[in-house]
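# Inside the fold
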Amino acid sequence: LKCVGSFQRVGDKIILLSKKQNIKTILITAFQEFNNSTAFIANLGIYLSRDAGKKVLIIDANLKNSNPALANVFHISDNTGLPEVFERKKTFKEAICKINENLDLLLSHNVSYRPISLLDSSFMSDLIREARDKYDFVFLDCSVNLKYDTEPVILSSLTDAVILVVNEGVDRFKDVQLAMQNLMQNGDRVSF
């Protein structure tokens, strides 16, 4: 990100689109794994919850990552969350980590099973639907390498919109365009 105002402009655009098109669930992913989409989503969540007064949930959908980026950004040592809800070890409510009055996290960590079994399940679509009813905005953070991983494509079919974080001047335009086409193949989605 070039400036702090980036996530504020995106946040304002999301608020406007939510009024016009009822957008509430948004996948945020990166063209390349190291484009720092997790920091972007954290700042976006803070901005919308604190400055705009919106009730926000961020779901960490990075199930391959042994280093839980979202937990690290918020300095949380216990990163139990999404996998434990999926495995029925915790309820959705028990797994929520409260950051401020309007910002909640559902953290994650590296799992021993194939992440696709969780992400491409009725559990995940039911969870997103339940969260959609409780929050103004639900963001899914899936910061894998879009060139090689299919998780964002699966999750894009469960959300209203997709934000693709790119590294300006580094990521090639044609590659980014192809990545967006792959993300949008599962239906009509709003893209940023």
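Criteria and thresholds
Each chain carries its own residue numbering, running from 1 in the written order of its sequence. Given that this is a predicted model, residues contribute local features only at a pLDDT of at least 70 and side-chain atom pairs are listed and counted only at 80 or more, while totals for whole chains, interfaces and linings are drawn from all residues. As a convention, hydrogens and water are excluded, and side-chain values are obtained from all of the structure's heavy atoms. In these notes, a set of buried Ala, Val, Leu, Ile, Met, Phe, Trp, Tyr and Cys residues joined through side-chain atoms within 4.5 Å is what counts as a nonpolar core. Residue exposure (1.4 Å probe, protein chains only): buried if accessible area is under 20% of the type maximum, exposed if over 50%, otherwise partly exposed. Helix and strand assignments come from DSSP, with helices taken as H or I runs of at least 4 residues and strands as E runs of at least 2, each series counted from the N terminus. We call two residues in contact when some of their heavy atoms are within 4.5 Å. When DSSP finds at least two bridges between two strands, those strands are taken to pair. Two rings from Phe, Tyr or Trp (for Trp, the six-membered ring) form a pair when their centres are within 6.5 Å of each other. A pair whose planes differ by under 30 degrees is stacked, one over 60 is edge-to-face, and the rest are tilted. In the sections that follow, a salt bridge refers to a side-chain nitrogen of Lys or Arg positioned within 4 Å of a carboxyl oxygen of Asp or Glu. An expected span of 1.5 Å times one less than the residue number is assigned to each helix. Our arc is simply the arc of the directions from the helix axis toward the C-beta atoms.

Ranked by size, the top nonpolar core spans 28 residues in total, and within it Ile28, Leu44 and Phe139 carry the most contacts. The element that contributes the greatest number of residues to this core is helix H2 (residues 37-51), accounting for 6 residues. Beyond its immediate sequence surroundings of up to four residues, Ile28 is in contact with Ser37, Phe40, Ile41, Leu44, Phe139, Leu140, Asp141, Cys142, Ile163 and Val165. Formed by 27 residues, the second largest nonpolar core is a distinct cluster that contains Leu57, Leu119, Leu127 and Cys142.

Before going further, it helps to spend a moment on the pairing of strand S3 (residues 97-100). Where S3 lies against strand S4 (residues 103-106), 3 bridges are found, and the strand directions are antiparallel. Opposite Asn100, over in S4, you have Leu103 as the bridge partner.

In this structure the tally under the stated criterion is 3 aromatic pairs. With a centroid separation of 5.7 Å and an interplanar angle of 45°, the aromatic rings of Phe86 and Tyr113 are classed as tilted. Of this pair, Phe86 sits in helix H4 (residues 82-86) while Tyr113 is found in the loop between S4 and helix H6 (115-119), placing the two residues 27 residues apart along the sequence. Taken together, the ring pairs connect Phe86, Tyr113 and Phe123 into an aromatic cluster.

Another aspect to go through is the pairing of strand S6 (residues 161-165). Taking burial as the measure, the 5 residues of S6 include 5 buried ones, the bulk of the element. By the alternation rule, side chains of S6 split into Ala161, Ile163 and Val165 and Val162 and Leu164, which are all buried.

What follows is about the pattern of salt bridges. Evaluated as defined, the whole model comprises 7 salt bridges. Two residues, Asp104 and Lys55, come together in a salt bridge whose shortest N-O distance is 4.0 Å. Of this pair, Asp104 sits in strand S4 while Lys55 sits in the loop between H2 and strand S2 (56-60), and the two are 49 residues apart along the sequence. With its nearest N and O atoms 3.1 Å apart, the salt bridge here joins Glu87 to Lys89.

What follows concerns helix H7 (residues 122-134). Because each turn of an α-helix spans 3.6 residues, side chains separated by three or four positions in sequence point in the same direction. Over its 13 residues, H7 runs 19 Å from end to end, which matches the ideal 18 Å to within 8%, given 1.5 Å per residue. Turning to H7, its buried residues number three or more, namely Phe123, Met124, Leu127, Ile128 and Ala131. The buried residues of H7 all sit within an arc of 130° when viewed along its axis, so they share a single face. Turned more than 90 degrees from where H7 packs its buried face, Ser122 and Asp133 sit exposed.

The next point concerns the environment of Cys97. The topology assignment puts Cys97 in strand S3. Placed 18 residues apart in sequence, Cys97 and Asn79 show a C-alpha to C-alpha distance of 9.0 Å. With residues near it in sequence (within four places) discarded, Cys97 still touches Ile76, Leu103, Asp104 and Leu105.

Function cannot be inferred from these measures alone, as they are strictly geometric.
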